[in-house]
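Structural overview for review
Now for the letters of each chain:
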Amino acid sequence: MILIKGSGDASAAALGARIRRLRRSRGMSQADLAGDDLSPSYISLLEGGKRLPSAEVLEQLAVRLRCDVPTLTGRAAEASECDLEVELKYAEMAMQNADPLAALAAYRAVQDKTTAAAQPKIWYAAEQGIALALERDGRLEEAAVHYEALRTASVTSKESVPRLTAVIGLCRCYRELGDLSHAIQIAEETLDELRELKLTPTVIGVELLSTLVGIHSERGDLHRASYLASQAIEQATAITDPKALGAAYWNASVVMYRKGNTADALVLIQKALAIYAEGEDQRALARLRNAYASILLQTEDPQPELARTALTQSLESLLQVGSSVDVAYCRSALARAELHLGRPEAAVAQAEQAMADLGAGHRLQAARNLLLLAAAQLRLGRPEEAKSSYERGALMLEASEAGQQAAYAWAELAEILKLCGEDERVLWAYQQSMRCIGYRNTLMLDRLPLSKSS
């Protein structure tokens, strides 16, 4: 057997951990790594620290894991912090250039050259980058695993792991996955921790508040969202940070929009636009234009042409600097604008492309797309397709705990069913709508005998 630095069980465990980490980073199963001449059970024993491989086996594993034997055994010369920081900068550039897969590979390459114990600041920065790259690529469940690991690590490695950044990323993922309760629980618990510490407001703290505002808005708890939005604006004003204030205005506008107060929503989002236009974050500015266009479509005097112009500009920008998910959100807004302009064919095309861009992960936004698709299908005289899309969308919203939005969707489905002459199902759809906003038949009138007139 080859000698590995360290001794006894500790060396085997360290080697096994490296093999497991490299295998997972390459997206390989134990069977993939075993190949034809080893067995998956043997790989499992290696990774569990129960076996030490021969030199020949180590060479085979190194080839399959696309590394050298010294890297595998932990005897590679430790990369300098300066070199690794350069590699981190390269990964960040890939992310800024809207190439999350290249960024993911670069961040993983950094982790292959060090450990959390040896260079915690570098290793955890790469871990944060991996989580963000997975999120931007739409792999939300995988991203959530990494964010959760960072949140846990922040308890023991406070200097190396920014806790609030991990929490905010985790909340974003759970929000998109439709698990609003979990996202709210994590964010509220973290805010309680900050209040107990009585820290002065910070930019990242305002960002957490703003994130929570958006989640409460999605869930339909507009009272709590409004309270937190006012807190975020107050804190952002106190620390005089333009980015924090812009984010606070942005999310406060969402609350006003959800409440149906589009006039105030428009004022707030225009303030946010003025702030972001002075900055360099083109992706955030484009996403903000999407929100601005949505409000323009819901004012008392809708402005679909102006909204479409803003969205076209946003799409051009996001195709350059945004992820496929960013582009999907923009296409959803464009579908809505096309509906307002009386172009249902174009709306269907945009909504279907948005669904393809989103994939299976973003359940909340996929539900909204289905409702847009249903409305366009109805305009095109395809009621059966519209009913199917609406029902799927309403069920997805309900599963995502977006009760108020689900209630609206069921009510709209009832209107479609009424137009189609399906009176029995109209009542059923309205009952689903009432159920989503918390109504229960406490009088049990359906179980009471009714008197008959003589």
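Residues numbered from 1 in each chain as written. Predicted model: local features only at pLDDT ≥ 70, side-chain atom pairs only at ≥ 80, totals over all residues. Heavy atoms only, no water.

1. Observations concerning the overall build of the protein
Rules: Working definition: helices are DSSP H or I runs of at least four residues, strands are E runs of at least two. Numbering for both runs from the N terminus. Contact criterion: two residues are considered in contact whenever any of their non-hydrogen atoms come within 4.5 Å of each other. Per-residue and other accessible areas were derived by the Shrake-Rupley procedure at a 1.4 Å probe size, with only the shown protein chains allowed to occlude residues.
Looking only at helices and strands, the protein has 23 helices and 0 strands in total. Of the contacts formed within the protein by residues at least 6 apart in sequence, a portion of 58% connects residues at least 24 apart. As displayed, the protein has an accessible area near 22,400 Å², and 54% of this comes from carbon and sulfur atoms.

2. What to know about the packing of helix 9 (residues 140–156) against helix 10 (residues 163–177)
For clarity, the threshold we go by: Between the N-to-C directions of two axes lies an angle of 0 to 180 degrees, each axis being a line fitted to C-alpha atoms and, for a helix, fitted only over the stretch in contact. Throughout this description, any angle smaller than 35 degrees is read as roughly parallel, any larger than 145 degrees as roughly antiparallel, any in the 65 to 115 degree range as roughly perpendicular, and the remainder as oblique. The handedness criterion is simple: a crossing whose near helix is rotated anticlockwise from the far helix by less than a right angle is left-handed, and one whose near helix is rotated clockwise is right-handed. Throughout this entry, Asp, Glu, Lys and Arg are counted as charged residues, while Ala, Val, Leu, Ile, Met, Phe, Trp, Tyr, Cys and Pro are counted as nonpolar. The remaining residues, Gly among them, count as polar.
Relative orientation of the contacting elements helix 9 and helix 10 amounts to 150°, with a least axis distance of 8 Å. Regarding the angle of helix 9 to helix 10, the classification is roughly antiparallel. As for the relative orientation of helix 9 and helix 10, their crossing is left-handed in sense. On helix 10, the residues touching L140, E141, A143, A144, Y147, E148, L150, R151, S154 and V155 of helix 9 are R163, A166, V167, G169, L170, R172, C173, Y174, E176 and L177. Counted by class, the contact of helix 9 with helix 10 contains 12 nonpolar, 2 polar and 6 charged residues.

3. Observations regarding the confidence of the model for the protein
The following threshold applies: Every residue gets a pLDDT, meaning the predictor's confidence in that residue, from 0 to 100.
Averaged over all residues, the pLDDT of the protein is 83; the fraction at 70 or higher stands at 90%. Mean pLDDT across the elements of the protein bottoms out in helix 22 (residues 403–419) (72) and peaks in helix 8 (residues 120–136) (92). Overall, residues 1–9 carries pLDDT values under 50, and its contacts beyond four positions in sequence, including any with other chains, amount to 16 contacts. Overall, residues 450–454 carries pLDDT values under 50, and its contacts beyond four positions in sequence, including any with other chains, amount to 0 contacts.

4. Focus: the packing of aromatic side chains
What counts here: In summary, the pairing rule links any two rings of Phe, Tyr or Trp, Trp by its six-membered ring, whose centres are within 6.5 Å, and it sorts them by plane angle into stacked for under 30 degrees, edge-to-face for over 60 and tilted for everything else. Burial classification: accessible surface area is computed with a 1.4 Å probe over protein chains only, and a residue below 20% of its type maximum counts as buried, one above 50% as exposed, and the rest as partly exposed.
In the structure shown here, the tally under the stated rule is 2 aromatic pairs. Ring geometry for W123 versus Y124: centroids 5.3 Å apart, planes at 90°, classification edge-to-face. Judged by relative accessible area, Y124 falls into the buried class, the value being 14%.

5. A closer look at helix 9
Threshold: Take the number of residues in a helix, subtract one, and multiply by 1.5 Å to get its expected span.
Its 17 residues place the ends of helix 9 25 Å apart at the C-alpha level, agreeing with the 24 Å of an ideal helix rising 1.5 Å per residue. Considered for burial, the residues of helix 9 that qualify are L140, A143, A144, H146, Y147, L150, R151, A153 and S154. The elements touched by buried residues of helix 9 are helix 8, helix 10 and helix 11 (180–197).

6. A look at helix 3 (residues 40–47)
Quick reminder of the rule: Taking the helix axis as origin, the arc is that swept by the directions to the C-beta atoms.
Of the residues making up helix 3, those classed as buried are I43, L46 and E47. Projected onto a plane normal to the axis of helix 3, the buried residues spread over an arc of 95° and lie on a single side. In the segment just after helix 3, G49 is the residue with positive phi, at about 75°.

7. Some thoughts on the packing of helix 16 (residues 282–296) against helix 18 (residues 324–340)
As a packed pair, helix 16 and helix 18 sit with axes 10 Å apart at the nearest point and diverge in direction by 20°. The angle between helix 16 and helix 18 falls in the class roughly parallel. Seen along the crossing, helix 16 lies across helix 18 with a hand that is left-handed. Mapping the contact onto sequence places R283, R287, N290 and S294 in helix 16 and D326, Y329, C330 and A333 in helix 18.

8. Concerning unusual backbone geometry
With the exception of glycine, the majority of residues adopt a negative phi angle, and the majority of peptide bonds are in the trans configuration. You will see that R66, though not glycine, has its phi angle at about 60°, which is positive. Even without being glycine, T240 reaches a positive phi, approximately 45°.

9. With respect to the pattern of salt bridges
Threshold: For salt bridges, the criterion is a side-chain nitrogen of Lys or Arg within 4 Å of an Asp or Glu carboxyl oxygen.
By the definition in use, this model includes 21 salt bridges. When the shortest N-O distance is used, the salt bridge between R163 and E193 registers 3.3 Å. Separated by 30 residues along the polypeptide, R163 in helix 10 and E193 in helix 11 bring together distant segments of the chain. For R287, the salt bridge is made with D326, and the minimal N-O distance between the two is 3.8 Å. With R287 in helix 16 and D326 in helix 18, the pair connects residues that are 39 residues apart, well separated along the chain. Here D326 falls in the buried class, since its relative accessible area comes to 6%. Beyond isolated ion pairs, a larger network of salt bridges with shared partners links R20, R23 and E47.

10. Quick look at the environment of E127
Assignment of secondary structure puts E127 in helix 8. Among the residues examined, E127 registers a relative accessible area of 7% and is labelled buried. Note: C-alpha distance between E127 and H146 (19 residues apart in sequence) is 7.1 Å.

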